[in-house]
Structures are given as structure tokens and as C-alpha cells.
Amino acid sequence: MLPTFVRDTPDGTENGDFLALDLGGTNFRVLHVRVEENLQNLLYKKPIPEYIKKGKVEELFNYIADVLAESLKELELKEKVLLLGFSCSFPCEQKDIDKAILIQWAKGFACSGGEGCDVVKLLKEAIKRKEESEEHNLLQDYKIQPVAILNDTVGTMMSCPYKDQRCEIGLIIGTGTNACYMEEMRNVKRVEGDEGRMCINTEWGGFGDGDDGSLQDVQTEFDKKVDLSSSNQVLKR
């Protein structure tokens, strides 16, 4: 049960142009979102190469910066500062809306050097390396400012109130599964303050992580075989 530092859902008055990066278990996506027109333009979607999933964490984020730079050729927004939201579909302990420490890899990822690091800092460093490279690229022509890190489940929940203001739960059933919900701050023990509400990332896909025996009565022989072939054994079962 992880705090997200998202304190409210959209009320429909938001507007502007934004970029979104979605690092999931299978695909990596870059999106241009124009909120006032409810426009979602998918700039890039492609499976993440296996060698990237198993390499160094710097190589993963360099790949993300490379793809982001290539995707910008579809836009004509060089005069604007583009605020960027980063959806990271891996368990992270958030310290603030723009700071999140990677707890562990999952979904077949096993990059070295990433666990325990701030993923927003890794992203900013990769973007800076790309901007300062001698070879010209579109990241040098745009002003991109990463401002928020969130889980894909939270992103799902945050997109729904534009259609139904009652939506306060997000649910993902894909490569992995997870859920989030809006909670009263007085019940959030890991963050100071009692006023208002905050979205909580349940990370329910991690139930039974480790060898504590909590899944022993429900695991089948097939579950055990799948686990043995996983790069994250005894995790996310």
C-alpha cells in the first residue's frame, strides 16, 4: 500500500499540451495529450527489446530518451514548454509527486543498477545526455520538463473522471495486475497530515512475495514451473 502524492482527481477544467511516457511490461509508449480537446495522439508504441530489459539501467533510460527524441518529429510545439508525466509500471516508493524510488523490477525486467534509484532522476539524466550530445536531435529543440511520476494504475484512474466524476478506482489486468483508489488522508499512515485525500497504490500483484508460505495452499504445479522460469522468482506470483 504505497502513497502516490496524487491528492485529487481531475475536475474537467484542466487544459493544455502534455507529453506522457508509459514504460510498461511489454511496450513503451510516447503520447501527446491535448486535454482541452480530449486529444490523445499516440506518437510511438513498440515492444521493448529483451537486451534492453536485461542490460544496464542507463541503457534503458538512454533508449527512452532516444525514442522520445524520435517521437517529437510528429509535433509542432517548439514554442511551448511541454510538461511530461512518466508512467512507470513497476513497484516504486514515492517520496513526492516527482520522486520515486524503484523497489524492484518485475514483468521480465532485470536491469542492473536500477533498484533503489529515483526513476525520475534517471529519466532527467538520460534526457540531459541526449540534449548535450554532439549529434543534433529534436530534444535540443524542445523544452521538456518532467513533473510527475505515477503508476499505470493511477494514470488509468486519472483519465476516467473526464467521463465520470464518480471514478475513484483504477484497475490494471495486463502483463501484471494492480489497483489503486482514493483514500482519506487520516488513514494514510506513511504521509504526514490528516486533511484531504490521496490516491493509494495497492501493489496487490505483490501479494505473497517471498517465501513466507502465504500462497502455498493455492499454488499449483504449473504456478511453480512458471515461477522457476521467471527472472523474478518468488516475486509477483
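Residues numbered from 1 in each chain as written. Predicted model: local features only at pLDDT ≥ 70, side-chain atom pairs only at ≥ 80, totals over all residues. Heavy atoms only, no water.

Undergrad: So what exactly am I meant to see when it comes to the overall build of the chain here?
TA: A tally of helices and strands in the chain yields five helices and eleven strands. Computed over C-alpha atoms, the radius of gyration of the chain comes to 19 Å, within 12% of the 18 Å expected from 2.2 N^0.38 for 237 residues, which places it in the range of a compact globule. Judged by the C-alpha coordinates and their principal axes, the chain covers about 60 × 45 × 30 Å. For the chain, buried positions account for 44% of its 237 residues. (Helix = DSSP H or I, 4+ residues; strand = E, 2+ residues; numbered from the N terminus. Rg over C-alpha atoms; globule rule 2.2 N^0.38 Å. Buried < 20%, exposed > 50% of the residue type's maximum accessible area, 1.4 Å probe, protein only.)

Undergrad: So what exactly am I meant to see when it comes to the nonpolar core here?
TA: The nonpolar side chains of soluble globular proteins are, as a tendency, buried together. Core analysis: the largest hydrophobic core is formed by 44 residues, its most contacted members being Phe61 and Phe86. Counting only elements with at least two residues in this core, the list comes to β2 (17-23), β3 (27-34), β4 (39-47), α2 (57-71), β5 (81-88), β7 (99-102), α3 (119-131) and β8 (143-150). A total of nine residues in this core trace back to one element, the largest contributor, which is α2. With residues near it in sequence (within four places) discarded, Phe61 still touches Phe86, Val119, Leu122, Leu123 and Ala126. Counting eight residues, the second largest nonpolar core, distinct from the first, contains Val6, Leu150, Val154 and Met157. (Core = buried A, V, L, I, M, F, W, Y, C linked by side-chain atoms within 4.5 Å. Contact = heavy atoms within 4.5 Å.)

Undergrad: Whenever I open this one, the pattern of salt bridges confuses me. Can you help?
TA: One side chain can pair with another of opposite charge once the charged atoms of both are near each other. Here the structure, examined in full by the defined rule, presents twelve salt bridges. Close ionic contact of Asp17 with Arg34 constitutes a salt bridge, the shortest N to O distance being 2.7 Å. Within this pair, whereas Asp17 is found in strand β2, its partner Arg34 is found in strand β3, the two being separated by 17 residues in sequence. With respect to burial, Asp17 and Arg34 carry one shared label: buried. With a closest N to O distance of 3.0 Å, Arg166 and Asp164 form a salt bridge. A relative accessible area of 29% means that Asp164 is categorised as partly exposed. Connected through shared salt-bridge partners, Asp8, Glu168 and Arg197 make up one network. (Salt bridge = Lys/Arg side-chain N within 4 Å of Asp/Glu carboxyl O.)

Any functional reading would require information that these geometric values do not contain.
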